[in-house]
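# Remarks on the overall topology
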Amino acid sequence: MNTPTQSFAAIFSLLLLSCMQCHAQLSATFYDNTCPNALNTIRTSIRQAISSERRMAASLIRLHFHDCFVQGCDASILLDETPSIESEKTALPNLGSARGFGIIEDAKREVEKICPEVVSCADILTVAARDASAAVGGPSWTVKLGRRDSTTASKTLAETDLPGPFDPLNRLISSFASKGLSTRDMVALSGAHTIGQAQCFLFRDRIYGNGTDIDAGFASTRKRQCPQEGENGNLAPLDLVTPNQFDNNYFKNLIQKKGLLQSDQVLFNGGSTDNIVSEYSNSPRAFSSDFAAAMIKMGDISPLTGQNGIIRKVCGSVN
C-alpha cells in the first residue's frame, strides 16, 4: 500500500511527464505529413503583405508578442468581440494600435484551401512573425509547431500582462521574467523596435520633458510631427535611421540617447542592461542570434497542445 507521500510523488511525476510531453508536442516537423505546404503558403502570403506595406513586418511581430504574453501563444488576440468573448483587441495596449489581423486571416484562408482545419491560427501567427523578420532583413529561425487555438480571450490580462511604453526597467525585467524570459531575452526582443512606428501620445512626455536622457536635437526633430496638444495618432519611426530595415541601429540610437519611447531608453540609462545594449550595438550578429533564440522561447509560452484548444476555421471566431 502506498503512503500519502509515495502517492503524491507518483502524481507529481505524472504531472511533470505530461508537462514535458506538452512541450515535446511542439515540433518543427508537426505538419510534414498533414500539411506539407503550409509553411510555403504562409510565407508567400506574408511576403506579399509586406511588399505592399513594409511597416506590416513590425505589426506582425508585435501581434505575435501581444498574443503570447496573454494566455500564452494561443491566437486569443485574434478573436473578435462577441456576447461571450471580451476581445483583447479592445484592451488599451491593442486598441487603435494592434494591426495585421486581416493579414493573418488571409494567410489562414490560403492554408485552409490546401489543408482544411489542420493548421492553427496560433501557428500561423508564430510563423508570420518569423517570415516578417526575414522579409525586412532580420534573422530567420526554425519555428516549432503544433499549437492549438483558444476558445477564450482575456481583455483583463491584456491590460495587466503586457509591458507598457512608460514602464521602468525593473518592471520590464519582471514582466518578461514572469513569462520565462531572461533580461537578455527582453533586451533582444526590444530590438524589434528597429522597425515600426509609435503614436505621438506615447512619446510626447519624453520629447517635451527636457530630461537628461534624451538628445536635444532628436527631441526637436520629433516635436515637428508631435505637438504638445492634439495629433495623438501622428506616427514616428522607432528607429529614425533605418526605419524599415531590421538591423542593430536601435541599440546605437539608445547609446546616443535617441530612444523614442521611455521603455526603449531605460535599457541604456545607467542600469543593469547597459552592457547588453553596448554588445548588440557593436555586434549585429550577436543581436540577430539572440533575437531569434528569444523569439523561439517566446513562442513556447504556455501553448495549447494535444487535445487542448481547437483548430479555428476562421481566426477571428470560435468555430
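Details of the structure are given in the entry above.
What you see is a predicted model, and the numbers here were worked out from it, not measured in a lab.

The next thing to look at is the environment of Lys258. Relative to the helices and strands, Lys258 is located in the loop between helix 11 (249-255) and helix 12 (262-265). Once you skip the residues sitting within four places of it in the chain, Lys258 turns out to touch Asp215, Phe218, Asn253 and Gln265.

A separate point is helix 5 (residues 121-135). Turn by turn, an α-helix covers 3.6 residues, leaving residues three or four places apart pointing in a common direction. With 15 residues, helix 5 should reach 21 Å at 1.5 Å per residue; the first-to-last C-alpha distance of 20 Å fits that figure. Among the 15 residues in helix 5, 13 count as buried, and that is most of the element. Note on helix 5: the residue one or two positions beyond its end, Gly137, has a positive phi of about 90°.

Formed by 71 residues in total, the largest nonpolar core has its most connected members in Leu78, Ile104 and Leu267. The element best represented in this core is helix 5, accounting for eight residues. If we ignore the near neighbours within four places in the chain, the residues touching Leu267 are Leu169, Leu172, Met186, Val187, Ser190, Tyr250, Leu254, Thr273, Asp274 and Val277. In terms of nonpolar packing, the next biggest core, distinct from the first, is built from 12 residues, Phe218, Ala219, Leu260 and Leu261 among them.

This part covers the environment of Gly316. Of note, Gly316 is situated in the segment after helix 14 (284-299). When its relative accessible area of 4% is taken as the criterion, Gly316 is described as buried. Residue contacts for Gly316: discarding those within four places in its chain leaves Leu78, Leu79, Asp80 and Glu105.

Moving on: the state of the cysteines. Considering all chains together, one arrives at four disulfides under this definition. Shown here is the disulfide that connects Cys68 with Cys73, its sulfur atoms set 2.0 Å apart. Between Cys68 and Cys73 the sulfur-sulfur dihedral comes to about 120°; the bridge is accordingly right-handed. Given a relative accessible area of 0%, Cys68 falls into the buried group. In the protein chain, numbering the disulfide-bonded cysteines from first to last in sequence yields the connectivity 1-4, 2-3, 5-8, 6-7.

This structure, assessed with the given rule, holds 14 salt bridges. Here Glu110 ties to Lys113 by a salt bridge, and the two come within 3.0 Å at their closest N and O atoms. In this pair, Glu110 and Lys113 are both assigned in helix 4 (residues 101-114), three residues apart and thus about one turn of the helix distant. Salt-bridge contacts for Lys179 lead to Asp161; the nearest nitrogen and oxygen are separated by 2.9 Å.

Scoring rules and cut-offs
Residues numbered from 1 in each chain as written. Predicted model: local features only at pLDDT ≥ 70, side-chain atom pairs only at ≥ 80, totals over all residues. Heavy atoms only, no water. Helix = DSSP H or I, 4+ residues; strand = E, 2+ residues; numbered from the N terminus. Contact = heavy atoms within 4.5 Å. Expected span 1.5 Å × (residues − 1). Buried < 20%, exposed > 50% of the residue type's maximum accessible area, 1.4 Å probe, protein only. Core = buried A, V, L, I, M, F, W, Y, C linked by side-chain atoms within 4.5 Å. Disulfide = S-S within 2.5 Å. Salt bridge = Lys/Arg side-chain N within 4 Å of Asp/Glu carboxyl O.

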